[in-house]
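# Working through the structure, step by step
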Amino acid sequence: MEIKQSESLFKRAMTFIPGGVNSPVRAFFSVGGTPRFIERADGAYLYDQDGNKYIDYISSWGPMILGQNHPVIKEAVIKAAESGLSFGTATKREVEIAELICTSIPHVEMIRMVNSGTEAVMSAIRAARGFTGRDKVIKFEGCYHGHTDAMLVKAGSGMMTSGIPDSRGVPMACAKDTLTAIYNDIDSVEKLFAENPGKIACLIIEPVAANMGLVLPEQGFLEKIREICTKEGAILIFDEVITGFRLAWGGAAQYFHIVPDLVTYGKIIGGGMPVGAYGGRKDIMTCIAPIGSVYQAGTLSGNPIAMAAGLAQLSILKEHPEIYQQLDLIGTRFADGMRKIKEERKAPIIVNQIGSLAGVFFTKEPVIDYVSAKKSDAKEFAKYYHYMLDRGCYFAPSQFEAIFFSAAHKQQDIEDTLRKAADFFE
């Protein structure tokens, strides 16, 4: 596989862009080698600057649930762009998308559009603090909630890949009210509440932890968290930047039958455009400016192009619930195939999967939290990663990122991928 164009572009990028990339998760630092510079995408495939074709298992980090360059979404964007790219005013589409979400997801009574998942989390936490009059926040080790100062404490995603436990540049004062619990360990949650009576504004969690690979909640874990937050008067925030509209129309909340107080969404509600949102209980959301005293603003929030893309994608998902069944079959086939490889080839891997999300860890121990995820053999993963990449399978360049499936993936794509994976473990 020739990658001369990618190598040339990466060399140029290193001169002008820190690390040669505009997001650490795109870097190949943990696996080595040269990042592929993608020129175009269509359906289940990516094409780089050198003309190489890859099966896409990143899906732009989640939002391309219907596949790349979906014709209905593309047409909606083109049509919207003909009227202008941005107005800085209220538009009809932002009302329509808010109405679509709030009238069909019971736990979202009101919603506010923002520009990213990071901004959605930051704003939701501020709303929770303003509503409760409390300062402290509980998060979980290995769960990534964007790069705001208070959330860069034992975070997942790129923070795990780079081996940086906390980011420099974050003042102690910003992180002092962030308390960390252990995912799937309810005792650690109860201990923090006991040590901080009446001080915890909210608990934020990825209901399915998808930023330390893929880690699933154990039975009863989310239910117990809901019970504790209700008892303690703390706001339960589901960070559904990854799981929202992906595990089900109503996200992980619907999938697990848990009702959060607030929820955050990411790029999937913009069809891949830079969008985020936070929403939930009306009594909390009405604390937000301009009708409340919790200030949050964004001049580009509800961008008309992004709203057109999001409305097109969400409408398809709402009207065709069978898509989720299709996605589950795809994800299950991949996971079952990898587990068969593990059994037949004695491969030292653990495979976690739920719906259209999966994770392959290079460890023999079950992965249930941050500590067990970190036991994965990153060097062996790097060998596997490049073996698969050179054979046209594009996974995230990190042991600690999830695998995303889309409705554009065909059975043959999965079978081809499994065959190549089996050859690696030969």
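To be clear, the structure that these remarks concern was listed above.
Note that the coordinates shown come from a computational prediction; the quantities given were computed from them, not determined experimentally.

## Quick look at the sheet that holds strand S2 (residues 45–48)
Strand order in the open sheet formed by 4 strands is S1-S2-S3-S13, with mixed pairing between adjacent strands. Here the strands that pair on one side only, and so sit at the sheet edges, are strand S1 (38–42) and strand S13 (393–394). Pairing analysis gives 3 bridges linking S2 to strand S3 (residues 53–56), with the strands arranged antiparallel. Along S3, the bridge assignment pairs tyrosine 45 with isoleucine 55.

## Description of unusual backbone geometry
Put simply, alanine 289 and proline 290 share a cis peptide bond, and its omega is 15°. With respect to the secondary-structure elements, proline 290 resides in the loop between helix H10 (282–285) and helix H11 (304–319).

## Comments concerning the packing of aromatic side chains
Applying the stated rule across the entire model yields 23 aromatic pairs. With 5.9 Å between their ring centres and 80° between their planes, phenylalanine 140 and phenylalanine 221 make a pair best called edge-to-face. A residue pair is termed long-range when its members are at least 10 positions apart, and phenylalanine 140 in strand S5 (residues 136–140) and phenylalanine 221 in helix H8 (residues 221–232) qualify at 81 residues. Residues phenylalanine 140 and phenylalanine 221 agree in their burial class; the two are buried. Taking the centre distance of 4.9 Å and the plane angle of 50° together, the rings of phenylalanine 245 and tyrosine 265 count as tilted. Within this pair, whereas phenylalanine 245 is found in the loop between strand S8 (235–239) and helix H9 (251–256), its partner tyrosine 265 is found in strand S9 (residues 262–265), the two being separated by 20 residues in sequence. Here phenylalanine 245 and tyrosine 265 have matching classes, each one buried. A cation over an aromatic ring shows up here: arginine 40 above the ring of tyrosine 47, its NZ or CZ 3.9 Å from the ring centre.

## Observations regarding the pattern of salt bridges
One pass over the full model with this rule turns up 15 salt bridges. Lysine 191 is the salt-bridge partner of glutamate 195, the closest N and O atoms lying 2.5 Å from each other. On the criterion of helical spacing, the pair formed by glutamate 195 and lysine 191 is a turn pair, its members being 4 residues apart in helix H7 (residues 186–195). Using a relative accessible area of 45% as the deciding quantity, one classes glutamate 195 as partly exposed. Here aspartate 336 makes a salt bridge to arginine 339, at a shortest N to O gap of 3.7 Å. One end of the pair, aspartate 336, and the other, arginine 339, are both in helix H12 (residues 322–345), 3 residues apart, so they sit about a helical turn from each other.

## Some remarks on the nonpolar core
If you look at the biggest cluster of nonpolar residues, it comprises 75 residues, and the most contacted ones within it are Phe140, Leu203, Ile205 and Phe245. At 8 residues, the largest contribution of residues to this core is made by H11. Residues within four places of leucine 203 in sequence aside, it is in contact with Ile138, Phe140, Val189, Phe193, Ile225, Cys229, Ile235, Leu236 and Ile237. Among the nonpolar cores identified, the runner-up in size contains 41 residues, and Val31, Val360, Leu389 and Ala422 belong to it.

## A word on the packing of H7 against H8
Between H7 and H8, the shortest axis-to-axis distance is 10 Å and the interhelical angle comes to 10°. On the basis of their axis angle, the class for H7 and H8 is roughly parallel. Where H7 abuts H8, its residues Ile186, Val189, Glu190 and Phe193 lie against Phe221, Lys224, Ile225, Ile228, Cys229 and Glu232. Among the residues forming the contact of H7 with H8, the class breakdown is 7 nonpolar, no polar and 3 charged.

## Brief notes about the sheet that holds strand S7 (residues 200–205)
Taken together, the 7 strands give an open sheet; going across it, the order is S4-S10-S9-S8-S7-S5-S6, and neighbouring strands pair in mixed fashion. Both edges of this open sheet fall to strand S4 (110–114) and strand S6 (178–181), since each of them pairs with a single strand only. Strand after strand, the sheet turns through a mean of 20° between neighbouring axes, direction not considered. Sheet analysis places S5 next to S6, joined by 4 bridges and oriented parallel.

## Examining the side chain of serine 356
Residue position: serine 356 is located in the loop between strand S11 (350–354) and strand S12 (357–361). Once residues lying within four places of it in the same chain are set aside, the contact partners of serine 356 are Arg246, Leu327, Ile403, Phe404 and Phe405.

## What about the environment of lysine 74?
Locating lysine 74 in the fold gives a position in helix H2 (residues 71–81). Residues lysine 74 and alanine 408 lie 334 residues apart in sequence; the distance between their C-alpha atoms is 15 Å.

## Describing H2
Those residues of H2 that fall on the buried side of the exposure criterion are Ile73, Ala76 and Ala80. For H2, the angular spread of buried residues about the axis comes to 60°, placing them on one side. When the buried face of H2 is taken as reference, the exposed residues oriented beyond 90 degrees from it are Pro71 and Lys79. Packing partners of the buried residues in H2 comprise helix H3 (92–104) and H11.

Cut-offs used in this document
- Residues numbered from 1 in each chain as written.
- Predicted model: local features only at pLDDT ≥ 70, side-chain atom pairs only at ≥ 80, totals over all residues.
- Heavy atoms only, no water.
- Pairing = 2+ DSSP bridges.
- Helix = DSSP H or I, 4+ residues; strand = E, 2+ residues; numbered from the N terminus.
- Phe/Tyr/Trp six-rings, centres within 6.5 Å; stacked < 30°, edge-to-face > 60°.
- Buried < 20%, exposed > 50% of the residue type's maximum accessible area, 1.4 Å probe, protein only.
- Lys NZ or Arg CZ within 6 Å of the ring centre and 35° of its normal.
- Salt bridge = Lys/Arg side-chain N within 4 Å of Asp/Glu carboxyl O.
- Core = buried A, V, L, I, M, F, W, Y, C linked by side-chain atoms within 4.5 Å.
- Contact = heavy atoms within 4.5 Å.
- Axes fitted to C-alpha atoms, helices over the stretch in contact; angles between N-to-C directions.
- Parallel < 35°, antiparallel > 145°, perpendicular 65-115°, else oblique.
- Nonpolar A, V, L, I, M, F, W, Y, C, P; charged D, E, K, R; others polar.
- Arc of directions from axis to C-beta.

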